[in-house]
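Survey of secondary and tertiary structure
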Amino acid sequence: MHQTCPQRVPSKMASQRRQMMQSHQSWTDDLPLCEMCGVGTAPNCTYGPDGKDTQSHPNEDGHFRFRGEEGCFLYGVFNGFDGSRVSSFVSQCLTAELLLGQLKSTHTDADVRRILSQAFDVVEKSYFETIGDALAEKATIISQLPEGVSFHQLSPQSQKLSERLKDLEQEVSGGATAVVALIHNNKLYIANVGTNRALLCKSTSDGQNQVIQIGRPHTTENEDELQRLAGLGLDVSGLRQAALIAGQSSTRRIGDYRVKYNYTDIDLLSAAKNKPIIAEPEIQASQSLEGVTGFLLLMSEGLIKALESAHGPEQANQEMVAMVAAELAQQGTLEAVAQSVVERVKRLHHDVYASGRQRASHCSRHEDMTLLIRTLNYTLADGALTPTQGGRIYPVSVPYSNCPSSTSKTSVTLSLVMPSQGGTLTNGTNTASTLEESTPTHTPSQSPTTTLHSTNNQTTQSSSSSSGDGGSLFRQRGSQAVQPDETGRVPPYVDFTQFYRLWGSDHGDFLGTQGSSAGLGPQ
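Residues numbered from 1 in each chain as written. Predicted model: local features only at pLDDT ≥ 70, side-chain atom pairs only at ≥ 80, totals over all residues. Heavy atoms only, no water.

In the annotation of an unreviewed UniProt entry, the protein is listed under the name TGF-beta-activated kinase 1 and MAP3K7-binding protein 1 and assigned to Salmo salar.

Take a look at the structure:
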């Protein structure tokens, strides 16, 4: 039986909820998971000088992906700090506040936005209720300990109290940032608190792929947030210079009672007329998903920062979408897609650190990483099948070079469109580029490559993709493995004859000087 999170919780209920958190039970165990969604994760990692990777703390990220009634879906990614208590609590209680009958098909956009905002408010208040007993005990112990006395000078009884105080401080500390996606009445709502990110990739009517970052992170680089804080009487220039507030970059967060209730003791925040760090979500205008084909990405701050640390922030969105699309074309499950992308980011981050070059100093460690992918009318490729005929887009992996002498940027090729019979070889142009080191590639006249096309205006970035009918470049391959011949080789299942013919027809002068088959294919 589900329990909800009321506005005011008596002390007994708070104690019960704390026990439930500690026993790892959930209010929403009976809710069905969404099958159109996959999640990938990786724990935090610090690279040591001896080459060993170590995890500095338990995983603090959280997520949920539930299917409610009347076509309602709820997804969330949470980035915890100073422990996983808040992210765990929010992932349970927020679901109970939204999917247990609160949302109706008759609700308007304004109703949905109001319910979303109220849910965040209720959840934070409920969380503070769960730590109320610990906070009261903490205050009692502080009143009993003598001021200005070191631990070793305390009596044995006072030392025990001091140790208990440390445990209580750990129990009540911590917070979380959140990005939540709600699909209701076939409309998408994004509610954001903090520094996680939501990306929507969708195909447009003219065949383009549009990448939209929904919302902006709540940091001191966000002018709207600085204006909000300035309205409370805070020094904006000081906030800009400090960047971090009580150890975190977010200006909105859930929990973190020390900042919420003791902000007058923090120099940067002491002049505030009211609570400067809030849990109020910024809810973006609803987007209709009618006829939309593509996918939605929810990412924790750790995943975003790892990619930006390795390659720079300029094209992180495009590169993330490129990796997801490439894996969607190869993997057989969404879970495998999400995990493969997270592993790719982890590997890229480590490789940049190991290279010792320009951005290596930014990559000595990364935080917990979480990626949630929700497809929208998107047909997942059968990764177990060999590409044959048809108008399909086949992914092409471009390796990253560690060549120290190169300075040009690398394009991550997202797709290669196979040509039709008698047609021309066409480049897919879904790309991302953020690596400062280069990858050896063929010239455009020799091999399909890609180029980055981006408006990069923080809300919309787009790139295009061509298509073809597939032709006969790929032969059918039977389900049985081909046996090697007497030389130990197996017959090829990719026929490049048409490629060489097409290439030759476009490079007649070169062939005239080099020979009809110079350097082209096996002799």
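Next, the rest of the story.
For the rest of this paragraph, the subject is the sheet that holds strand 14 (residues 365-366). Strand order across the open sheet formed by 3 strands is 3-2-14, with antiparallel pairing between neighbours. Among the strands making up the open sheet, the edge pair consists of strand 3 (53-54) and strand 14. Examined bridge by bridge, strand 2 (residues 45-47) and strand 14 share 2 bridges and lie antiparallel to one another. The residue of strand 14 that forms the bridge with Thr 46 is Arg 365. Against the sheet, helix 11 (residues 334-355) makes contact with strand 2, strand 3 and strand 14, and its axis sits at roughly 20° relative to strand 2, the strand it touches most. (Pairing = 2+ DSSP bridges. Helix = DSSP H or I, 4+ residues; strand = E, 2+ residues; numbered from the N terminus. Contact = heavy atoms within 4.5 Å. Axes fitted to C-alpha atoms, helices over the stretch in contact; angles between N-to-C directions.)

This part is about the nonpolar core. Core analysis: the biggest nonpolar cluster contains 41 residues, and Leu 94, Phe 120, Val 180, Leu 182 and Ile 254 have the highest contact counts within it. Elements that contribute at least two residues to this core include exactly strand 4 (61-67), strand 5 (73-81), helix 2 (85-98), helix 3 (109-130), helix 4 (132-144), helix 5 (156-172), strand 6 (175-184) and strand 7 (187-193). Counting residues per element, this core draws most heavily on helix 3, at 8 residues. Those residues within four positions of Leu 182 in sequence are excluded, and the remaining contacts are Cys 72, Phe 73, Leu 74, Leu 103, Val 112, Leu 116, Lys 187, Leu 188 and Tyr 189. Of all hydrophobic cores here, the second largest spans 28 residues; its members include Ala 316, Val 321, Val 337 and Val 342. (Core = buried A, V, L, I, M, F, W, Y, C linked by side-chain atoms within 4.5 Å. Buried < 20%, exposed > 50% of the residue type's maximum accessible area, 1.4 Å probe, protein only.)

With the rule as written, the count across this model stands at 17 salt bridges. When the shortest N-O distance is used, the salt bridge between Asp 111 and Arg 114 registers 3.5 Å. Placement of the pair is Asp 111 and Arg 114 together in helix 3, with a separation of 3 residues, close to one helical turn. Residue Asp 111 is classed as partly exposed on the basis of its relative accessible area of 22%. Taking the relative accessible area as the measure of exposure, Arg 114 reaches 40% and is therefore partly exposed. Across the pair Glu 225 and Arg 228 runs a salt bridge whose closest N-O atoms are separated by 3.0 Å. Of this pair, Glu 225 and Arg 228 are both found in helix 6 (residues 223-231), 3 residues apart, which corresponds to roughly one turn of the helix. (Salt bridge = Lys/Arg side-chain N within 4 Å of Asp/Glu carboxyl O.)

This part covers helix 9 (residues 301-311). Buried residues dominate helix 9, accounting for 10 of its 11 residues. What helix 9 keeps buried is the set Glu 301, Gly 302, Leu 303, Ile 304, Ala 306, Leu 307, Glu 308, Ser 309, Ala 310 and His 311. Directly after helix 9, the chain includes Gly 312, whose backbone phi takes a positive value near 95°.

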